[in-house]
Amino acid sequence: MTGRYDETEGQGPDEPVVVRDRRRIDPLTGEVRSAAPEAEPKEGPKHAAPAEEPAAPTEPEPAAHAGPGLGESIVDDSVSVATGLEKELAERTADLQRLQAEYANYRKRVDRDREQVVAGAKASVVNDLLPLLDDIERAEQHGDLTGAFKAVGEKLVGSLQRSGLEPFGAEGEPFDPSVHEAVQHSTSPDVTEPTVTMVMRRGYRFGERVLRPAMVGVTDHEPGAAPAPSAQDAPVDPPVGGELPLEGELFDENNR
């Protein structure tokens, strides 16, 4: 009797197929999986382990601290921001210093112009009072300035001189054409250079400004004046009435 071969003979009950993924890198997230202990297989009939599927190729992880790519900047953004702020600060500081220097120069120029305006106004007022000073001086020379008028004149002259008025032009001064106006000229051997020998009208200056030149007479040195004869060059008187000549005179006669 021929037996029938049953394909199910020798096989146990159906068991589920277990597939274990042993890849160390998760293909979905790209992260490295932690090593987990493998579950021990349950006891049962031993069968040949199913063949594992080959692991899928994984992309290599980007190397840490890799260099910049093509077209990327190698300067840190924080460093570039700080450098830009320092440059802008330097520019603003230079602008502020330039404005401060311009303002200082402007103040100096304004102060100088103000002083010149004040000095010019004072000089104009004093210049209008010069004829009055001439009258006071002439009255004093003639002896007419006495009493209360003399006190008033002295106070006026003192106040003007304290304000900066300075008279010039006196006899004996060297002649200076920048401050003297010569209206008379003479020569004399008593002077060695042009000298003021007569003052007809006094001159005045206010600070460094000449308000009016002095009207003077000038005496210049007289050229070609013969020197006075000395005692040695004096003529010798001839002997009179049998007087004997001196030794010097006798010596001169013998030489003749």
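Scroll up to find the structure this text is about.
Throughout what follows, the structure given in this document is the object of discussion. Bear in mind that the values here come from a model prediction, so they are computed numbers and not experimental data.

Basis of the calculations
- Residues numbered from 1 in each chain as written.
- Predicted model: local features only at pLDDT ≥ 70, side-chain atom pairs only at ≥ 80, totals over all residues.
- Heavy atoms only, no water.
- Patch = residues over 30% accessible without salt bridge, like charges linked within 9 Å, V, L, I, M, F, W, Y side chains within 5 Å.
- Areas by Shrake-Rupley, 256 points an atom, 1.4 Å probe, with all protein chains shown as cover.
- Salt bridge = Lys/Arg side-chain N within 4 Å of Asp/Glu carboxyl O.
- Helix = DSSP H or I, 4+ residues; strand = E, 2+ residues; numbered from the N terminus.
- Axes fitted to C-alpha atoms, helices over the stretch in contact; angles between N-to-C directions.
- Parallel < 35°, antiparallel > 145°, perpendicular 65-115°, else oblique.
- Left-handed = near helix turned anticlockwise from the far one by under 90°.
- Contact = heavy atoms within 4.5 Å.
- Phe/Tyr/Trp six-rings, centres within 6.5 Å; stacked < 30°, edge-to-face > 60°.
- Lys NZ or Arg CZ within 6 Å of the ring centre and 35° of its normal.
- Expected span 1.5 Å × (residues − 1).
- Buried < 20%, exposed > 50% of the residue type's maximum accessible area, 1.4 Å probe, protein only.
- Polar contact = N/O pair within 3.5 Å; in protein donor to acceptor, adjacent residues only side chain to side chain.
- Core = buried A, V, L, I, M, F, W, Y, C linked by side-chain atoms within 4.5 Å.
- Pairing = 2+ DSSP bridges.

Here we look at a nonpolar patch on the surface
Stage number 1. A contiguous nonpolar surface patch, about 240 Å² in accessible area, is contributed by Val183, Met198 and Met200.
Stage number 2. Secondary-structure assignment places Val183 in strand β2 (residues 180-188).

Here's the deal with the packing of helix α2 (residues 130-141) against helix α3 (residues 147-163)
Stage number 1. Interhelical geometry of α2 versus α3 gives an angle of 135° and a closest axis separation of 11 Å. For the element pair α2 / α3, the angle class is oblique. By crossing handedness, the relation of α2 to α3 is classed as left-handed. Facing Leu132, Leu133 and Ile136 of α2, the residues of α3 in contact are Gly153, Leu156, Val157 and Leu160.

Regarding the packing of aromatic side chains
Stage number 1. Enumeration over the complete set of coordinates arrives at zero aromatic pairs.
Stage number 2. Here the basic side chain of Arg205 rests over the ring of Phe168, its NZ or CZ set 4.5 Å away from the ring centre.

Considering α2
Stage number 1. Across its 12 residues, α2 extends 17 Å between first and last C-alpha, which sits within 8% of the 16 Å expected from 1.5 Å per residue.
Stage number 2. Just past α2, the residue Gly143 takes up positive phi, approximately 80°.

Quick look at the side chain of Thr219
Stage number 1. Checked against the element boundaries, Thr219 lands in strand β6 (residues 214-221).
Stage number 2. Overall, Thr219 belongs to the buried group, its relative accessible area being 7%.
Stage number 3. Only 3.0 Å separates the side chain of Thr219 from the side chain of Ser186, close enough to count as a polar contact.
Stage number 4. Side chain to side chain, Thr219 and Thr197 meet in a polar contact 2.7 Å long.

Brief notes about the nonpolar core
Stage number 1. By size, the foremost hydrophobic cluster in this structure holds nine residues: Ala123, Val126, Leu130, Leu133, Leu160, Leu165, Tyr204, Phe206 and Leu211.
Stage number 2. Contributions of two or more residues to this core are made by α1 (77-128), α2 and β4 (203-206).
Stage number 3. Excluding its chain neighbours within four sequence positions, the residues that come into contact with Leu160 are Val126, Leu129, Leu133 and Leu165.
Stage number 4. Ranked by size, the runner-up nonpolar core spans six residues in total, among them Val179, Val196, Ala214 and Val218.

Let's talk about the sheet that holds β6
Stage number 1. On the basis of which strands lie adjacent, the open sheet formed by three strands has the order β2-β6-β3 and mixed pairing. Looking along the sheet, the strands with just one partner apiece sit at the ends: β2 and β3 (195-201). Strand-to-strand, the axes of this sheet are offset by a mean angle of 25°, without reference to chain direction.

All quantities given are derived from atomic positions and should not be read as evidence of function.
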